[in-house]
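Below are the chains, spelled out letter by letter.
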Amino acid sequence: METRILKIDEDTKLDRLDKVLAEKLDFSRKRIKDLLDEGNVLVNQKVMKASYKVCVGDEIEVSIPELDSTEVLPEPIDLNIVYEDHDIIVINKPKGMVVHPAPGHYSGTLVNALLYHCKDLSGINGVMRPGIVHRIDKDTSGLLVVAKNDVAHESLSQQLQDKTCHREYVAIVHNPFTHEHGTIHAPIGRDDKDRQKMAVTANNSKDAITHFTVLENFKKFAYIKCQLETGRTHQIRVHMQYIEHPIAGDPKYGPRKTIQANGQLLHACALEFVHPTTNEKMRFEIGLEPTFERVLNELREGILIGSGCYESEVFIEARNKDGEELTNIINFYDYVEVQPPEVYDHLLQTGDFGNIFELKNHIKKIVEAVESAGKIIVATGDVHHFTR
């Protein structure tokens, strides 16, 4: 059972107990409700209702039940191990992997893989997060250091607190810059309108500092490097959105029209810290994640030019046999990966559109329109006419 003590000071927004807990703890509202209902929250040593309004000077004690050890099981998942010794293990986490078990993700996480690979991990963070010193988001790839024992965990945590552990990221963001360097110093807290998101806010927030350098500018994007001075949840994603350069591909903080990359194009490329027992300064660097590298190369080659569109917007126009435009079925622009004309010709011959028109909600409409159309025009710079 993990216990957390929260002291209410003058900087805390005085609100209902459940709302204050939601601000202070990185838990869902349901988890907060369960803790309160089960009597695991004490205010000044007394059980209080969710509606209790906290006061300055209140001391809140939260007892957090750990997951039963049988619920977090070792799993034979391949790990990309960059470095390992008796105290630490440095992992290159793939895009799409959750770091530790949480509601909805009790299997397939980095922790499941670590439990299979390592006999011992630090127990400071409990059964659910053994060895985890810092986290990166599910769809962020890159370097992560894990502690194998409590001594290593305490040392690495202290370095993070003292800001002597350096973490560098690269990202592809919307909109080119007019300057080469910048620092974003803006507090981050829960978004008042969407509790699943973070935001730059003065309400119940924590200090957050991100430094960035522009590596390359493109027509509608930029390739940047970021260095964290603090480590708030979603920090780089929130800060870049705040200065109107949201990370490309980001489904939570990015624009609706963006590069399709199965999540944000953010990669933890470098990690530097002092070894917990040898006191040796260690630095690790890794290359780009495959999807990130592909998108960056397409930007450099001028294939991908803006807002998720390739060499030009792909306009799909369907007409019936009388030549009337089927506007009731298709009347929109969207972005797909442009293929050579012969590929479209083959797809029209075979009717296999699913591999090319990955527009999710629009796939069915496209197929229906094409099947009833006498002609489909695909414009990819030049206009190519295909008939069935």
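Residues numbered from 1 in each chain as written. Predicted model: local features only at pLDDT ≥ 70, side-chain atom pairs only at ≥ 80, totals over all residues. Heavy atoms only, no water.

A.B. asks: Any chance you could break down the overall build of the protein for me, citing the residues and the numbers?
C.D. replies: When you go through the protein residue by residue, the secondary structure sums to eight helices and 19 strands. In the protein, 64% of the contacts between residues at least 6 apart in sequence involve partners at least 24 apart. A total accessible area of about 19,900 Å² is found for the protein, and carbon and sulfur atoms account for 46% of it. (Helix = DSSP H or I, 4+ residues; strand = E, 2+ residues; numbered from the N terminus. Contact = heavy atoms within 4.5 Å. Areas by Shrake-Rupley, 256 points an atom, 1.4 Å probe, with all protein chains shown as cover.)

A.B. asks: An account of unusual backbone geometry is needed here, citing residue identities and associated values.
C.D. replies: Of note, Asn-44 is a non-glycine position whose phi angle comes to about 55°, a positive value. Here Asn-44 is to be found in the loop between strand 2 (41-43) and strand 3 (46-47). By relative accessible area, Asn-44 is classed as partly exposed at 39%. One non-glycine residue, Asn-175, lies in the positive phi region at around 75°. As for its position among the elements, Asn-175 is in the loop between strand 8 (166-174) and strand 9 (181-185). (Buried < 20%, exposed > 50% of the residue type's maximum accessible area, 1.4 Å probe, protein only.)

A.B. asks: Go over helix 2 (residues 29-37), please, and point to the residues and values.
C.D. replies: Of all the residues in helix 2, the buried ones are Ile-32, Leu-35 and Leu-36. The buried side chains of helix 2 occupy one side of the element, clustering within an arc of 95° when seen end-on. In helix 2, those exposed residues whose orientation departs by more than 90 degrees from the buried face are Lys-30 and Asp-37. Residues of helix 2 that are buried in the fold lie against helix 1 (17-24), strand 2 and strand 4 (59-64). Backbone geometry just downstream of helix 2 places Gly-39 in the positive-phi region, at approximately 75°. (Arc of directions from axis to C-beta.)

A.B. asks: So what's going on with the nonpolar core? Residues and values would help.
C.D. replies: Judged by nonpolar contacts, the single largest core of 33 residues is most densely connected at Leu-114 and Ile-224. Mapped onto this core, the elements with two or more residues apiece are strand 6 (88-93), helix 3 (110-117), strand 7 (141-147), strand 8, strand 12 (209-217), strand 13 (221-228), helix 5 (235-242) and strand 14 (266-274). When near neighbours in sequence (up to four residues on either side) are disregarded, Leu-114 contacts Leu-79, Ile-89, Ile-91, Leu-121, Ile-132 and Val-146. (Core = buried A, V, L, I, M, F, W, Y, C linked by side-chain atoms within 4.5 Å.)

A.B. asks: Please provide a residue-by-residue account of the packing of aromatic side chains, values included.
C.D. replies: When we look at a pair of aromatic rings, we describe it by the centre distance and by the angle of the planes. Enumeration over the complete set of coordinates arrives at four aromatic pairs. Among the aromatic residues, those joined into a ring-pair cluster are Tyr-83, Phe-273 and Phe-284. (Phe/Tyr/Trp six-rings, centres within 6.5 Å; stacked < 30°, edge-to-face > 60°.)

A.B. asks: So what about the environment of Glu-38? Which residues, and what values?
C.D. replies: Looking at where Glu-38 falls in the secondary structure, it is placed in the loop between helix 2 and strand 2. Separated by 25 residues in sequence, Glu-38 and Ser-63 have C-alpha atoms that sit 10.0 Å apart.

A.B. asks: Quick one: what's the story with the pairing of strand 15 (residues 281-285), residue by residue and with numbers?
C.D. replies: By the alternation rule, side chains of strand 15 split into Met-282 and Phe-284, which are all buried, and Lys-281, Arg-283 and Glu-285, of which none is buried. Where strand 14 and strand 15 come together, five bridges link them in antiparallel fashion. Across the sheet, residue Leu-271 finds its bridge partner in strand 15, namely Phe-284. If you look at the hairpin formed by strand 14 and strand 15, you'll find six residues sitting between the two strands, and Asn-279 has a positive phi there, around 65°. (Pairing = 2+ DSSP bridges.)

A.B. asks: Could you give me a rundown of the pattern of salt bridges, with the residues and numbers involved?
C.D. replies: For the coordinates displayed, the defined rule picks out 13 salt bridges. The salt bridge involving Arg-283 is made with Glu-168; its shortest N-O contact spans 3.2 Å. Taken as a pair, Arg-283 in strand 15 and Glu-168 in strand 8 lie far apart in primary sequence, 115 residues in all. Residue Asp-250 is joined to Arg-237 by a salt bridge in which the shortest nitrogen-to-oxygen separation is 2.8 Å. Of this pair, Asp-250 sits in the loop between helix 5 and strand 14 while Arg-237 is found in helix 5, placing the two residues 13 residues apart along the sequence. When its relative accessible area of 2% is taken as the criterion, Asp-250 is described as buried. Through salt bridges with shared partners, one network takes in Glu-168, Lys-225, Glu-272, Lys-281, Arg-283 and Glu-285. (Salt bridge = Lys/Arg side-chain N within 4 Å of Asp/Glu carboxyl O.)

A.B. asks: Go over the sheet that holds strand 3 with me, naming the residues and quoting the values.
C.D. replies: With antiparallel pairing, four strands are arranged side by side in an open sheet as 1-4-2-3. Strands at the two margins of the open sheet, each flanked by one partner only, are strand 1 (2-7) and strand 3. Running over the sheet, helix 2 touches strand 2 and strand 4 and is turned about 100° from strand 4. (Axes fitted to C-alpha atoms, helices over the stretch in contact; angles between N-to-C directions.)

A.B. asks: Can you tell me about helix 5, naming the residues and giving the values?
C.D. replies: The α-helix advances 3.6 residues per turn, and as a result positions three or four apart in sequence lie on the same side. Of all eight residues making up helix 5, six are buried, and the element is well covered by its neighbours. Among the residues of helix 5, Gln-235, Ile-236, Arg-237, Val-238, His-239 and Met-240 are the ones counted as buried. Just downstream of helix 5, Glu-244 is the residue with a positive phi angle, here 65°.

A.B. asks: Please set out the environment of Gly-287 residue by residue, giving values where relevant.
C.D. replies: Mapped onto the fold, Gly-287 is located in the loop between strand 15 and helix 6 (290-300). Measuring from C-alpha to C-alpha, the distance between Gly-287 and Ala-268 comes to 9.6 Å, with 19 residues separating the pair along the chain.

A.B. asks: Go over the side chain of Lys-197, please, and point to the residues and values.
C.D. replies: Its place among the elements puts Lys-197 in the loop between strand 10 (188-190) and strand 11 (198-200). One buried charged residue, Lys-197, remains without a salt bridge, the closest side chain of opposite sign being Asp-191 at 4.8 Å. Here the side chain of Lys-197 touches Lys-252 through a polar contact of 3.3 Å, landing on its backbone oxygen. Apart from the residues lying within four places of it in its own chain, the contact partners of Lys-197 are Gly-189, Arg-190, Asp-191, Lys-252 and Tyr-253. (Lys, Arg positive; Asp, Glu negative; His and termini not counted. Polar contact = N/O pair within 3.5 Å; in protein donor to acceptor, adjacent residues only side chain to side chain.)

A.B. asks: Just give me the short version of the side chain of Gln-159, but keep the residues and values in it.
C.D. replies: If you trace the backbone, Gln-159 turns up in helix 4 (residues 150-162). For Gln-159, a relative accessible area of 7% gives the class buried. Polar side-chain contacts of Gln-159 include one of 2.8 Å to the backbone oxygen of Val-274. Those residues within four positions of Gln-159 in sequence are excluded, and the remaining contacts are Thr-164, Cys-165, Phe-273 and Val-274.

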